[in-house]
Each structure stands twice: as structure tokens, then as C-alpha cells.
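Per-entry structural report
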Amino acid sequence: MIELTDSVAKTMKEFEKLPGVGKKSAERIVYHLLKTTPDEAFALADAIRSMKENVRYCKHCFNLSEEEVCDICRDERRDRSILCVVEQPRDLIALEQTGCYRGLYHVLLGRVSPLDGVGSDQLTIDALVKRVKTGDFKELVMATNPTVEGDGTALAITNRLDGAAIKITRLARGVTTGSSLEFANKEMLSDAISGRQQF
Ligand SMILES: [Zn+2]
């Protein structure tokens, strides 16, 4: 049997580790890369390197940023009295795209999921509680995904904030239960933000 060269086999193995990429797809990608010019292939390698070297989490909200503080937290025009809690940076992007929300965010970087061994101590909940207790926020909008785990996460946060002088709201259920914000369309999300209700 003819074997792949070591570097081809190694590259395939790396692609196979990516989510949603099986053996077949990894093969297809690698054979494609072998055919491209060195410049095209290095552009991919360079983009990954540059992203890993430059991107970090905002020290306030844990959004992705290339600076210590992200663009949203630095934007003086944002409403600093309202804080929206999302699971992932991609949820923040989905909400931003509606253009309906002008407050600040807090990104949890996951959701509480006992089955996957993710407890509330592994997320950015401690930082959120500290932010709420030391800040001047008047409203906290729970925009966790409408799933069992998203709801559980919102509940865990609400419990931690028991006694804090802040109004807690949640997105209206225009977003179908079991789906995720990322895939909700713009109109649905806009309705969900403007129709938010007491938690
Ligand atoms: Zn930020």
C-alpha cells in the first residue's frame, strides 16, 4: 500500500480535528491545498497565526478583541445603563446585526451544562456578578439561547444576582425554543429585543 508523505498525513490529521470536518473533507481540503500556489496556502496559515497572536477577550465583556478593551466597550455612544448577557461572541454579532440594541454586553463564553461537565465557575459569571455589583447598570437582559441549558444558565446568574438592585429581563420568545440566536433571523431577533420581558 502506498502511504501519504508524512507532512500530507499530518496536515490531514490537523484538519480532521476541526468541528464538522470528517476524514473525507480533510482529504478534500488537503488535496485542494496541494494544488494551490504557495501564496494561497500560506495566506491561510498566516491568517490562523495572526488571529491566534492578536485576538484576545475584552477585559470587561469577554467579546473578541484585538485590543485590551473591545470596540463596543470603548464606544462612548453606547448606553452604559443596560447590559446584555450572551453565551458566545457569535450571539453578540447576531444581536448587533439587528441594530436594535445599543447597550453593553457580557459574553459568558459558554453555558452551564452539567452533562458536559461545564459548571458556572468555568464561565465568566464571577466577572459578570462583579461588574453588576460594582457598576451602574439599571437593566440586565438575559439573551442566553432558548434551550434547556441556556435557560439553566440564565437562572444560575439570576440566583447569583439575588438582592442586586438591577432589573433583569429576558428576550421575548420570538426566538423559537430549542433554536439558537445565531440562526434566528434579524426580524425575529429585533422583536425579541424590543419585546423583552421581566425575567
Ligand atoms: Zn468589551
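Keep in mind that what you see is a predicted model, and the values were worked out from it rather than measured.

In terms of helices and strands, the chain carries eight helices and seven strands. Dimensions of the chain, computed from C-alpha atoms along their principal axes, come out at roughly 70 × 35 × 35 Å. Here the chain holds 199 residues, and 25% of them are scored as buried. By sequence separation, contacts in the chain at least 24 residues apart represent 57% of the contacts at least 6 residues apart.

The next subject is the packing of helix 1 (residues 6-16) against helix 2 (residues 23-35). The angle between the axes and the distance between the axes are what describe a pair of packed helices. At a closest axis distance of 8 Å, the pairing of helix 1 and helix 2 adopts a crossing angle of 130 degrees. The pairing of helix 1 with helix 2 is recorded here as oblique in orientation. Crossing of helix 1 against helix 2: the hand is right-handed. Residues Val8, Thr11, Met12, Phe15 and Glu16 of helix 1 touch helix 2, and the partners they reach there are Lys23, Ala26, Glu27, Ile29 and Val30. The class makeup of the residues in the contact of helix 1 with helix 2 is six nonpolar, one polar and three charged.

What follows concerns the environment of Asn159. Position of Asn159 relative to the elements: it lies in helix 7 (residues 148-160). C-alpha of Asn159 to C-alpha of Leu115: the two residues are 44 residues apart in sequence and 20 Å apart in space.

All of the buried residues along helix 8 (residues 186-194) are Leu189, Ala192 and Ile193. Seen end-on, helix 8 carries its buried residues on one side only, within an arc spanning 95 degrees. Turning to helix 8, the residues buried within the fold contact helix 5 (89-98).

Here we come to the pairing of strand 4 (residues 103-107). Summarising burial for strand 4: four of the five residues are buried, a large majority. Note that strand 3 (residues 79-86) and strand 4 share five bridges and pair parallel. Bridge assignment links Asp79 to a residue of strand 4, and that residue is Gly103.

Both strand 5 (residues 139-142) and strand 6 (residues 167-170) contribute to a ladder of four bridges, which runs parallel. The partner of Leu140 across the bridge, within strand 6, is Ile168. Crossover handedness for the path strand 5 to helix 7 to strand 6: right-handed. Pairing between strand 6 and strand 7 (residues 197-198): two bridges, direction antiparallel. Its bridge partner being in strand 7, Arg170 is matched across the sheet by Gln197.

Before going further, it helps to examine the sheet that holds strand 6. Taking strand neighbours across the sheet as the criterion, the five strands line up as 4-3-5-6-7 in an open arrangement whose pairing is mixed. Looking at the sheet topology across the chains shown, the edges are occupied by strand 4 and strand 7. Pairing between strand 3 and strand 5: four bridges, direction parallel. In the strand pairing of strand 5, Leu83 is matched with Leu140. Contacting strand 3 and strand 4, helix 5 crosses the sheet at an angle of about 125 degrees to strand 3.

Attention now moves to the domain arrangement of the chain. Domain boundaries in the chain define domain 1 (6-54) and domain 2 (77-198). The C-alpha-based centres of domain 1 and domain 2 are spaced at 35 Å.

As for its placement among the helices and strands, Glu53 is situated in helix 3 (residues 38-54). Along the chain, Glu53 and Glu68 lie 15 residues apart, while their C-alpha atoms are 13 Å from each other.

Here the focus is the nonpolar core. Nonpolar side chains tend toward joint burial in soluble globular proteins. Ranked by size, the top nonpolar core spans 34 residues in total, and within it Cys84, Val85, Val86, Leu95 and Ala143 carry the most contacts. Put simply, the parts of the chain that give this core at least two residues each are strand 3, helix 5, strand 4, helix 6 (125-134), strand 5, helix 7 and helix 8. By residue number, the principal contributor to this core is strand 3, which donates four residues. Here Cys84 is in contact with Leu95, Tyr101, Gly103, Tyr105, Val141 and Ala143, once residues within four sequence places are set aside.

Parameters at a glance
- Residues numbered from 1 in each chain as written.
- Predicted model: local features only at pLDDT ≥ 70, side-chain atom pairs only at ≥ 80, totals over all residues.
- Helix = DSSP H or I, 4+ residues; strand = E, 2+ residues; numbered from the N terminus.
- Buried ≥ 20, exposed ≤ 12 C-beta atoms within 10 Å, placed from the backbone.
- Contact = placed C-beta atoms within 7 Å.
- Axes fitted to C-alpha atoms, helices over the stretch in contact; angles between N-to-C directions.
- Parallel < 35°, antiparallel > 145°, perpendicular 65-115°, else oblique.
- Left-handed = near helix turned anticlockwise from the far one by under 90°.
- Nonpolar A, V, L, I, M, F, W, Y, C, P; charged D, E, K, R; others polar.
- Arc of directions from axis to C-beta.
- Pairing = 2+ DSSP bridges.
- Right-handed = clockwise from strand over helix to strand, strands pointing away.
- Domains from an automatic or database assignment.
- Core = buried A, V, L, I, M, F, W, Y, C linked by C-beta atoms within 7 Å.

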